[in-house]
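Here are the chains, one letter per residue:
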Amino acid sequence: MENLTQFFQMRQELGLIVVFLIMFICDLLLPENHRKLMHPIACILLVVQMLVTIVPTDINLFGGMYHSTPIASALKTILSFGTLLAFLQCTDWLNREDSKHKIGEFYSLSLSTLIGMYFMISANHFLLFFLGLELATVPMACLIAFDKYKEHSGEAAAKFILYALFSSGIFLYGVSLLYGAVGSLYFDDIAPLLHGCELQILAMVFIFAGLAFKLSLVPFHLWTADTYQGAPTVVGGMLSAVSKGAAAFALMTILVKVFGNMVELSSTMLSIIIVVTITVGNLFAIRQQNMKRFMAFSSISQAGYILLAMLGNPTQGTASLVYYIVVYIVANMAVFGIINAIEQKTGRVLREDYKGLYATNPKLALVMTLALFSLAGIPPFAGFFSKFLVFAAAFNQGFYLVVLLALLNTVISLYYYLLVVKAMFIDSSENPIPTFKSNWFMRISLLLSLGGILAFGLVSCLYQTFNNLLIN
Amino acid sequence: MCNILILFVVIPLVMMLGLWASRSLCQVKVVMVSGASLLLALSIYIVFNYIGLRNAGNDAEMLYTSSIMWYEPLNICFSLGVDGISVVMILLSSIIVFTGVFASWRLKPMTKEYFLWYTLLTVGVYGFFISIDLFTMFMFYEVALIPMFLLIGVWGSGRKEYSAMKLTLMLMGGSALILIGILSIYYGAGASTMNITELSQIEIPTNIQHTFFPLLFLGFGILGALFPFHTWSPDGHASAPTAVSMLHAGVLMKLGGYGCFRIAMYLMPEGLAMWGEVFLILTTISVVYGAFSACVQTDLKYINAYSSVSHCGLVLFALLMMTRTSCTGAIMQMLSHGLMTALFFALIGMMYGRTHTRDIREMSGLMKIMPCLAVCYVIAGLANLGLPGFSGFAAEMTIFVGSFENTDTFHRVCTIIATCSIVITAVYILRTVGKFLYGEVNNPEFLQLTDASWDEKVAVFTLIVCVAGLGLAPLWASDLISTSVEPIISQFIK
């Protein structure tokens, strides 16, 4: 009986499971011609789930196996918000003839990955963490392969699942080494026993490598471009924003909670990875013609910036990390939303297809521009503030050179974001994308993202909230 | 927040909303003219009110200060305040924004979008000059950079895409350096405040100053067209539409000099002591090299752009001379150069709109065809080469007198070299004027061209009045500036 009450305390996870079950039942009961109702139902349920559990709480259950800190609980709401944006964007794609019968599956699968991420974030024990990681990964592979009639989709999923399995293996190996070294899998128990001997370093590197795959850090990024290109665009958006956010927070938690004693080693490793990730991501993004591949490399370099926050001290670093994730989610989902809208209407995804977009679809072009500016870190958009905060966090700990190199890289990233802006505003095309109207779901999603891009930076309360959650 | 300064940001934002809502070209112009006039009136009021407050004995370093907490964990405030330097810069910006509206009166296509981005640019410019918080200042600085890309890329001429990209990326590189400099100041000073006046009271560790001063100075210096990072300026200014060239050369390049003075030199005096001479060499090269480059150009806009490199180099040069007179001269030069270069770009744009060429070899005898514009061009030229009675003379005189006060041999040599630029300036101005304004009309098609229309006259005459006004009565400006230069100067003359 006591265990049952413990379950009831996990309100966010339970709420999500209820949403999942309702969607599953809807899928069973709704007749074929009313399937479209599932879109509003899913969105409303997710909103309700977010609102009911929006107040961050501190919950410690199952003898410390599950520990949802206030900041983790805030991040869960953020991830739900990111998923909501994806749900709003997916209607046109799901309503197509070839995927109409799979609407329910899409929602079930994406909600399962979200539940996995929830557990990953609040796990305080390596086994629970691994379960969360797998639950977040395996349904994602199904989602990537959702457009199975397209050969790229299958290829993308194969690549993803192979990499995922391999990195899970490495991660587990790291965990087993750690268990061998200290004899426990509880985060709290491990931390004081670590002192930086070779075995523990090896364990840390393996665990880091396992998660680096999810974050697509260089040199674990090779799957990213192909997977993003082949995956349905909505799934690409989720993969790049929501899933990356969860993985980044989980990695930070492990580095702080478990490997807090080895901070010098982990910082050195992080510094190198950051510089390489940002630079490689940027340089490859310049050459991309396909917008989805382009966003893949952009998201690789963004992951490098997220990592900068991990160099900071636990409070400042975590606050700026979570803040960066929110801002990144809204901007990235806006870009993917527009790519998706254009792809569904015209089937075109190349950068040169976007030439003259401002003349035919001025609003879409404008939202896209603002989102790209936010990703590039241009004020007054939110991305500027989030970039500043991660730079400040890393600078505070004395990583001057890393910050300088990352800053110089923002110039390169501005270059390729501007290439898209240039295509939309300056270049003219003989065959531009025709004027079209998006459906209401897409509009709401883009409006929410736009609101976030404009407001999250200028209104400082979001960052303050994260900061306060961490201090108390 | 009852601060009159906030209006300088609010009015352009309201203008942007008005532009967004306007449905016809006429409405767009009404919004722009009324907004720009309001800003001009407000800045004239601020100047008089500021002088009044000073005369009444208010000797605080900054006036009209107010501050609200913004990002508390990092002590970022939205702090406003102005001293004599920022007041004249605000006045300069208002004059150029006002005349810029008239200079782009007949611009097509997408007039509404053009003015939207143009107004966003002014938000950045004003915001930069009114804020005294490092972060807020930097934010507005970047706001001012980005609209340039679209303004040049969409409405520019010539190799506009190349120039727009080059300008944006080089300035962005500069701002990356500035950002790291700001972080170093904030954390070096103990992470307690971002307010510039408060920071000036705190000693930043010497090693931090030595490491980060060059980055910060270089970051702002790139916008101030410091050699060898001036290359964005000729291309950018040549490709930009008229009003954007005016605003960019007239005001935005001043952001660089202002930032060097107000942030880099003010807050890092130790770094200045170590690196000052290195940068002095670079600025001397800027001054002379810019002037020589202008001599060999054949495109009117390139001539003026290189002339800007030379004159903006003179601003940084005078600042690095580190005497009270030379620093006052530097601010005067910012003001004077801003007005003159805006006048030049306005005239060049108007002539280009008629002749469709800017190559001085293809034009001749324009004085006979468009006497009004040509005479104005001659006036601008004479002001630029430092004829007494115009602003250029007052500014350059102050600079060179002030530079000579620095008795160190190295500074002397630099001063003498830089003084040569006066002669070179005369060479390229007179050569240009003689070549394309005087002589016989070589192209019969030019005979059909008309002289200035009313909107062009408004823009040009306003600027000429200001240039002559500053030249005939420079004392009010130099008094205003020199009292505010004092606290900054006292940081590094110890």
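Calculation notes
- Residues numbered from 1 in each chain as written.
- Chains lettered and ligands numbered in written order.
- Predicted model: local features only at pLDDT ≥ 70, side-chain atom pairs only at ≥ 80, totals over all residues.
- Heavy atoms only, no water.
- Helix = DSSP H or I, 4+ residues; strand = E, 2+ residues; numbered from the N terminus.
- Rg over C-alpha atoms; globule rule 2.2 N^0.38 Å.
- Buried < 20%, exposed > 50% of the residue type's maximum accessible area, 1.4 Å probe, protein only.
- Contact = heavy atoms within 4.5 Å.
- Areas by Shrake-Rupley, 256 points an atom, 1.4 Å probe, with all protein chains shown as cover.
- Lys, Arg positive; Asp, Glu negative; His and termini not counted.
- Salt bridge = Lys/Arg side-chain N within 4 Å of Asp/Glu carboxyl O.
- Polar contact = N/O pair within 3.5 Å; in protein donor to acceptor, adjacent residues only side chain to side chain.
- pLDDT = per-residue confidence, 0-100.
- 1 Å grid on protein atoms, 1.4 Å probe; cavity = no way out; pocket = protein on both sides within 12 Å on 5 of 7 lines; lining within 4 Å.
- Points joined across faces, edges and corners; volume = space filled by probe spheres on them.
- Nonpolar A, V, L, I, M, F, W, Y, C, P; charged D, E, K, R; others polar.
- Buried area = accessible area lost by both parts, 1.4 Å probe.
- Phe/Tyr/Trp six-rings, centres within 6.5 Å; stacked < 30°, edge-to-face > 60°.

Undergrad: Before we move on, can you summarise the overall build of chain A with the specific residues and values?
TA: Scanning chain A from terminus to terminus reveals 21 helices and two strands. Whereas a compact globule of 472 residues would reach a radius of gyration of roughly 23 Å, chain A reaches 21 Å, a difference of no more than 12%. Counting only C-alpha atoms and orienting by the principal axes, one finds that chain A spans roughly 65 × 55 × 40 Å. Burial statistics for chain A: of 472 residues in total, 64% are counted as buried. Considering only contacts in chain A between residues 6 or more positions apart, those separated by 24 or more positions represent 80%. Accessible surface computed for chain A: about 16,200 Å², of which carbon and sulfur atoms make up 68%.

Undergrad: Please give an account of the side chain of Arg 351 of chain A that cites residues and values.
TA: All names here are of chain A. With respect to the secondary-structure elements, Arg 351 resides in the loop between α15 (314-346) and α16 (357-360). Look at Arg 351: it is buried, it has no salt bridge, and the nearest opposite charge is Asp 427 at 7.3 Å. Of the polar contacts made by the side chain of Arg 351, one reaches the backbone oxygen of Gln 288; its length is 3.2 Å. Here Arg 351 is in contact with Ile 286, Gln 288, Gln 289, Met 291, Leu 419, Val 420 and Ala 423, once residues within four sequence places are set aside.

Undergrad: Tell me about the environment of Ser 122 of chain A, residues and numbers included.
TA: All names here are of chain A. Mapped onto the elements, Ser 122 comes out in helix α6 (residues 103-122). The class of Ser 122 is buried, set by a relative accessible area of 0%. Apart from the residues lying within four places of it in its own chain, the contact partners of Ser 122 are Glu 13, Met 65, Tyr 66, His 67, Ser 68 and Lys 76.

Undergrad: Explain the confidence of the model for chain B residue by residue, including any values.
TA: Residue and element names in this part refer to chain B. Per-chain confidence: chain B averages 87 in pLDDT, with 99% of residues scoring 70 or above. Confidence scores differ between elements of chain B, with helix α14 (residues 366-369) showing the lowest mean pLDDT of 80 and helix α8 (residues 206-223) the highest of 91. Scored as a whole, the predicted complex attains pTM 0.92, and scored at its interfaces, ipTM 0.89.

Undergrad: Outline empty space enclosed by the protein, listing residues and values.
TA: All told, the structure shown has seven cavities of 30 Å³ or more when counted by the stated rule. By volume, the largest cavity is sized at about 110 Å³. Secondary structure elements with two or more residues in the lining of the largest cavity: α18 (382-396) and α19 (400-425) of chain A together with α5 (134-155) and α6 (160-188) of chain B. A class-by-class count of the residues in the lining of the largest cavity yields nine nonpolar, three polar and two charged.

Undergrad: I'd like a description of the interface of chain B and chain A, backed by residues and values.
TA: Taken together, the contact pairs 36 residues of chain B with 41 residues of chain A. Taking both partners together, chain B and chain A bury about 3,500 Å²; carbon and sulfur atoms supply 83% of that area. Looking only at chain B, the three residues that lose the most surface to chain A are Trp 70, Tyr 71 and Tyr 187 of chain B, adding up to 16% of its buried area. Summed over the shared surface of chain B and chain A, the number is one salt bridge.

Undergrad: Can you lay out the packing of aromatic side chains for me, pointing to particular residues and giving the numbers?
TA: Evaluation of the coordinates by the stated rule reveals 65 aromatic pairs over all chains. An angle of 50° between the planes, with centres 5.7 Å apart, marks the rings of Phe 385 of chain A and Phe 135 of chain B as tilted. Of this pair, Phe 385 of chain A sits in helix α18 while Phe 135 of chain B is found in helix α5, placing the two residues in two different chains. We classify Phe 135 of chain B as buried; its relative accessible area is 1%. Seen in terms of ring centroids, Tyr 141 of chain B and Phe 220 of chain B are 5.7 Å apart; in terms of plane orientation they differ by 80°. Their pairing is edge-to-face. In this pair, Tyr 141 of chain B is assigned in helix α5 and Phe 220 of chain B in helix α8, connecting sequence segments 79 residues apart.

Undergrad: Let's hear about the layout of surface pockets: which residues, and what values?
TA: Here the largest pocket defines a volume of roughly 1,700 Å³. If you go around the largest pocket, you meet 45 residues; those closest to its centre are Leu 366, Leu 370, Leu 450 and Leu 454 of chain A together with Trp 20 of chain B. Broken down by secondary-structure element, the contributors of at least two residues to the lining of the largest pocket are α16, α17 (362-376) and α20 (440-458) of chain A together with α1 (7-21), α4 (111-130) and α5 of chain B. Class assignment for the residues of the lining of the largest pocket results in 36 nonpolar, four polar and five charged. Empty space within the second largest pocket amounts to approximately 490 Å³. In this structure, the second largest pocket is lined by 24 residues; those nearest its centre are Ala 103, Leu 107, Thr 242, Gly 349 and Gly 353 of chain B. Among the secondary structure elements, those contributing two or more residues to the lining of the second largest pocket are α5, α10 (242-267), α13 (324-355) and α18 (454-472) of chain B. Examining the composition of the lining of the second largest pocket, we find that four residues originate from one element, α13 of chain B, more than from any other.

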